[in-house]
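A closer look at the structure
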Amino acid sequence: MLPAITKEKVLMQLEELGFSHWFQERMNTKNVSDYQIARVISVTKKSYIIRNGKNDVIAKLTGKLIFSAESKLDYPTVGDWVYAQYYDDDALAIIHKILPRKTILKRKTSDKRIKFQLLAANIDTAFIIQSLDANYNIRRLERYLVMINTANIRPIVLLSKSDLLSPDDVEEKQAGIHKLMPSIQIVAFSNKSNFGLQQIIALLVPKETYCLLGSSGVGKTTLLNNLLGKAQFDTQPIREKDGKGRHTTTRRQLNLLQNGAMLIDTPGIREIGNFGIESGINDTFDEIAELSKQCRYNNCSHTQEKDCAVLIALQNGTISPERYQNYEKMNKESAYSEMSYSKKRRKDKAFGKFYKSVMKDKAKQE
């Protein structure tokens, strides 16, 4: 057991990394006495880097954690708080357990498999970056917002490459987003001229965790370098033939900024699959959610029913065809994926129980 004064000092160091009262209230007393608390700041395919307020240490997972994991969601991700044991004068650590997560940012894998990909945990605010060039896509922005709103994370939209447009055109883009999402906060900026950079810095609160989301080539890594005040991470130009970016960030990493805020850069995402997202869809398409309450049928699918308030709004132009189509498409994708995922989970759990029973019988025979 550590002396009380040392515990207080350690807790203060953890608070600098975002260990708020929310996490303190959910600590397990026994785990705290057996292990140290640390935050995952980087994830690679085979290992983790964790920080306990003092040092950054390479960490591995205990076999028990690996064996008991039912899916990738049960593994640590960047931003997680974990219970770890340190060895060899703090040169190596073993992660035993994950503390409860305040938020978890995940998406469906981009292939046909019904699996989640963890992006980050314990995020307070997500910056969605849309570039004001050929890559600008408001339908993609809606998909990001569904993912973020589902996770109960605060979204802020950053419009990069504002130097490519006139001030009037930039305002027009902002007005277009506000027409669909009146309450969303938007900041236009330029990595080239540093326009809007101070506005972004003003949004960063010490001890809070932020993440950057967006397609490859929108300027996430360059913005991160500008906020860090140095060219710490490599950047690449977009492809001239199609205006698409190349993947610069290949791993997720938590970075401590000069003012004490923390910022996670994530690899570029071109395809955003979502499921289990009813709350996120309702928050993102709130005007459709409100209209659906006026439909004749409570289980209205908003596709062919009589007296459907959503279809009436579509016909009279209150809702644009593009926004309605994106809403319907995401609902169908989510319903299909959620049904397939539930079926897969039941199958995996049944196999897990069978495997454990076989191993138990084998141990008895030995």
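Because the structure is a prediction, the values reported are computed rather than measured.

**A few points about helix 5 (residues 138-150)**
Compared with the 18 Å implied by 1.5 Å per residue over 13 residues, the 18 Å span of helix 5 between its first and last C-alpha is a close match. For helix 5, a buried count of eleven out of 13 residues is recorded, marking the element as mostly surrounded by other parts of the structure. Where helix 5 begins, the side chain of N137 points an oxygen toward the backbone nitrogen of R139, at a separation of 2.9 Å. Count one or two residues on from helix 5 and you reach N152, which has phi positive near 60°.

**Examining the packing of aromatic side chains**
Overall, the coordinates contain seven aromatic pairs when judged by the stated rule. Look at W22 and F23: their rings are 5.0 Å apart centre to centre, the planes differ by 75°, and that puts the pair in the edge-to-face class. Relative accessible area serves as the criterion here: at 23%, W22 is assigned to the partly exposed category. Between F127 and Y210, the aromatic rings sit 5.6 Å apart at their centres with planes inclined by 10°, giving stacked as the arrangement. Of the two residues, F127 is situated in strand 8 (residues 125-131) and Y210 in strand 11 (residues 209-213); the sequence distance between them amounts to 83 residues. By the ring-pair criterion, three or more aromatic residues cluster together here, those being F19, W22, F23 and W81. Directly above the aromatic system of W22 lies the positively charged group of R26, at a separation of 3.8 Å from the ring centroid. Here the guanidinium or amino end of K72 rests over the ring plane of Y75, the centre of that ring lying 5.3 Å away.

**As for the pattern of salt bridges**
Under the criterion given, the structure shown has eleven salt bridges. Of the charged contacts in the structure, one is a salt bridge between R323 and E142, with a shortest N-O distance of 2.6 Å. Placement of R323 in helix 12 (residues 321-365) and of E142 in helix 5 is noted, with a sequence separation of 181 residues between them. Grouping residues by exposure puts R323 and E142 together as buried. Here the salt bridges share partners, and the residues they tie into one network are R139, E142, E287 and R323.

The rules we used
Here the residue numbers are simple positions, counted from 1 along each chain's written sequence. Whole-chain, interface and lining totals are the exception, using all residues; otherwise, since this is a predicted model, local features are given only for residues with pLDDT of at least 70 and side-chain atom pairs are given and counted only at 80 or more. Based on all heavy atoms of the structure, the side-chain values leave hydrogens and waters out of the count. The numbering of helices and of strands both runs from the N terminus, where a helix is a DSSP run of H or I of at least 4 residues and a strand a run of E of at least 2. Residue count minus one, scaled by 1.5 Å, sets the expected span of a helix. Only protein chains enter the accessibility calculation, which uses a 1.4 Å probe. A residue is then buried if its area is under 20% of the maximum for its type, exposed if over 50%, and partly exposed in between. Any N or O atom pair separated by 3.5 Å or less is treated as a polar contact, with the protein-specific requirement of one donor-capable and one acceptor-capable atom, and with residues adjacent in sequence counted only for side-chain atom pairs. Centres within 6.5 Å make a pair out of two Phe, Tyr or Trp rings, where for Trp the six-membered ring is used; the pair is then stacked when the planes are under 30 degrees apart, edge-to-face when over 60, and tilted otherwise. In our convention, an over-ring charge means Lys NZ or Arg CZ found within 6 Å of a ring centre and within 35 degrees of that ring's normal. Note on definitions: salt bridges are taken to be side-chain nitrogens of Lys or Arg within 4 Å of carboxyl oxygens of Asp or Glu.

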